[in-house]
Amino acid sequence: MPGMDMAWLPAQVLVFERGWLSSNNVLLLGREDAVLVDTGYCTHAAQTLALVGDALEGRPLHRIVNTHLHSDHCGGNAALQQAYPGLRTSIPAGELAAVRAWDDGALTYASTGQQCPRFLATDGLRPGDTLTMGDLPWEVHGAPGHDPQELMLRQPDHGILISADALWQNGYGVVFPELEGEPGFEDVGRTLDLIERLRPRVIIPGHGGIFTDVEQALARARRRLAHQCADPQAHAWHALKVLLKFKLLEQGRMPSSSLLSWASAMPYAAGLGSRYFEGEPVASLVERALGSLMKSGALRREGQDVIDC
Ligand SMILES: [Zn+2]
């Protein structure tokens, strides 16, 4: 929600801190134009429109920039495109073909069982590009690891880094390529090294509050990465719990049977059993993961239903 510590940011950079279902949104208000970085999850689209509309006070939004195309970062694109006709939508260049064909396998919505209303992309962004947002120049940096196409945005004069899911104050996003048997941990390490070299003064992450203790955050992230490299099964287990918790954040409550059939049909979960858990059937894997989420208080059971806490 707005009202967080913005003292580190110039006045034309507004951060809407959301939660875990919707990524944070950054609204950059220039004299002539307005740009929104990331748009949240689709079930929160009305709230995204309200936050943006209130801040714009009747002015139009000109451009969306997506750091990457996970459903919690671009799920508001379609609603914003409807509300602001002619809106330019810039996405990682490597995703242009998948978006134009709306290939929901390549875009991960099928793999994760998440929703994302179809939207249009007008142009692609590449590492090395520079864009103007809020009358300030921003550099585009590649940040593979959590997602191979992920981008970060850096404003050098103010030392601001929009880090998406490459670095949070306490960790970073699931390393999705690893779940499909593709290497990702090394990319995470290289991206953390890049962040260190960029020496940001303040980081606007994809989730959670903005922060300035960058060195400590990098140290925490590197410890986490060392654990994950040493124990990829633990990373896969964490990823499964993240996907289940995300579904419950989306739904609020679900009958156990629907949750199980949803999870069993989710390609990511099916692959995890054979890749990391000695072929354990997906239903048993999901039951165990739900048990663990209940034990930690992230979910609870009420009769036949599983409920988000
Ligand atoms: Zn993500």
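Nothing here was measured: the structure is a model prediction, and the numbers come from that model.

## Side note on the domain arrangement of the protein chain
Argument step 1. Under the domain assignment, the protein chain is made up of domain 1 (13–230) and domain 2 (232–308).
Argument step 2. The C-alpha-based centres of domain 1 and domain 2 are spaced at 26 Å.
Argument step 3. In this complex, domain 1 contributes 25 residues to the contact, which on the side of domain 2 involves 19 residues.
Argument step 4. Where domain 1 abuts domain 2, roughly 1,800 Å² becomes buried across the two surfaces, and 65% of that area is made up of carbon and sulfur atoms.
Argument step 5. Linking domain 1 to domain 2 there are 8 residue pairs in polar contact (both at pLDDT 80 or more).

## What about the UniProt feature "domain: Metallo-beta-lactamase" (unreviewed entry) in the protein chain?
Argument step 1. The sites that carry the UniProt feature "domain: Metallo-beta-lactamase" (unreviewed entry) are, in the present numbering, residues 22–207.
Argument step 2. Taken as a whole, residues 22–207 contains 27% helix and 24% strand, while its terminal C-alpha atoms sit 8 Å from one another.

## What about the layout of surface pockets?
Argument step 1. For the largest pocket, the calculated volume is near 670 Å³.
Argument step 2. As for the largest pocket, its lining consists of 31 residues, of which Trp20, Trp168, Val174, His238 and Val242 are closest to the centre.
Argument step 3. Listing elements by their share of the lining of the largest pocket, those giving two or more residues are α2 (71–74), α9 (232–251) and α12 (282–295).
Argument step 4. Among the elements that make up the lining of the largest pocket, the one with the highest residue count is α9 (7 residues).
Argument step 5. Along the lines of polarity and charge, the residues of the lining of the largest pocket split into 11 nonpolar, 15 polar and 5 charged.
Argument step 6. Viewed by domain, the lining of the largest pocket spans two of them, domain 1 (13–230) and domain 2 (232–308), each represented by three or more residues.
Argument step 7. Here the second largest pocket is characterised by a volume of approximately 190 Å³.
Argument step 8. Every residue lining the second largest pocket is counted, 18 residues in all, and those nearest its centre are Ala106, Thr108, Asp147, Pro148 and Glu180.
Argument step 9. Residues that form the lining of the second largest pocket fall into these classes: 8 nonpolar, 6 polar and 4 charged.

## Topic: the coordination of the zinc ion
Octahedral metals with six donors have ideal donor angles of 90 or 180 degrees. Tetrahedral metals with four donors have an ideal donor angle of 109.5 degrees.
Argument step 1. Coordination of the zinc ion by the protein involves His68 (NE2), His70 (ND1), His146 (NE2) and Asp165 (OD), with metal-donor separations of 2.1 to 2.4 Å.
Argument step 2. One can describe the donor arrangement at the zinc ion as irregular, given that its 4 donor atoms subtend angles of 86 to 176° at the metal.
Argument step 3. Read in sequence order, the donor residues for the zinc ion give the motif H-x1-H-x75-H-x18-D. Residue His70 is found in the loop between β4 (63–65) and α2, and its partner Asp165 is found in the loop between β10 (160–164) and α6 (176–179); the two are separated by 95 residues along the sequence. Each member of the pair, His70 together with Asp165, is buried.

## Describing the pairing of strand β3 (residues 34–37)
Argument step 1. Side chains of β3 alternate between two faces, with Ala34 and Leu36 and Val35 and Val37 buried alike.
Argument step 2. Pairing analysis gives 4 bridges linking strand β2 (residues 25–29) to β3, with the strands arranged antiparallel. By the bridge assignment, Leu28 is partnered in β3 with Val35.
Argument step 3. Sheet topology places β3 next to β4; 3 bridges connect them, and they run parallel. The residue bridging Leu36 from the neighbouring strand is Ile64, located in β4.
Argument step 4. Following the backbone out of β3, through helix α1 (residues 45–56) and into the adjacent parallel β4, one traces a crossover that is right-handed.

Reading the values: rules and limits
Residues numbered from 1 in each chain as written. Predicted model: local features only at pLDDT ≥ 70, side-chain atom pairs only at ≥ 80, totals over all residues. Heavy atoms only, no water. Domains from an automatic or database assignment. Contact = heavy atoms within 4.5 Å. Buried area = accessible area lost by both parts, 1.4 Å probe. Polar contact = N/O pair within 3.5 Å; in protein donor to acceptor, adjacent residues only side chain to side chain. UniProt positions renumbered as here; feature names shortened; annotations may be inferred. Helix = DSSP H or I, 4+ residues; strand = E, 2+ residues; numbered from the N terminus. 1 Å grid on protein atoms, 1.4 Å probe; cavity = no way out; pocket = protein on both sides within 12 Å on 5 of 7 lines; lining within 4 Å. Points joined across faces, edges and corners; volume = space filled by probe spheres on them. Nonpolar A, V, L, I, M, F, W, Y, C, P; charged D, E, K, R; others polar. Donors = N, O, S within 2.8 Å, 3.2 Å for Na, K, Ca; no water. Tetrahedral: all angles 85-135°; square planar, octahedral: opposite > 155°, others 65-115°. Buried < 20%, exposed > 50% of the residue type's maximum accessible area, 1.4 Å probe, protein only. Pairing = 2+ DSSP bridges. Right-handed = clockwise from strand over helix to strand, strands pointing away.

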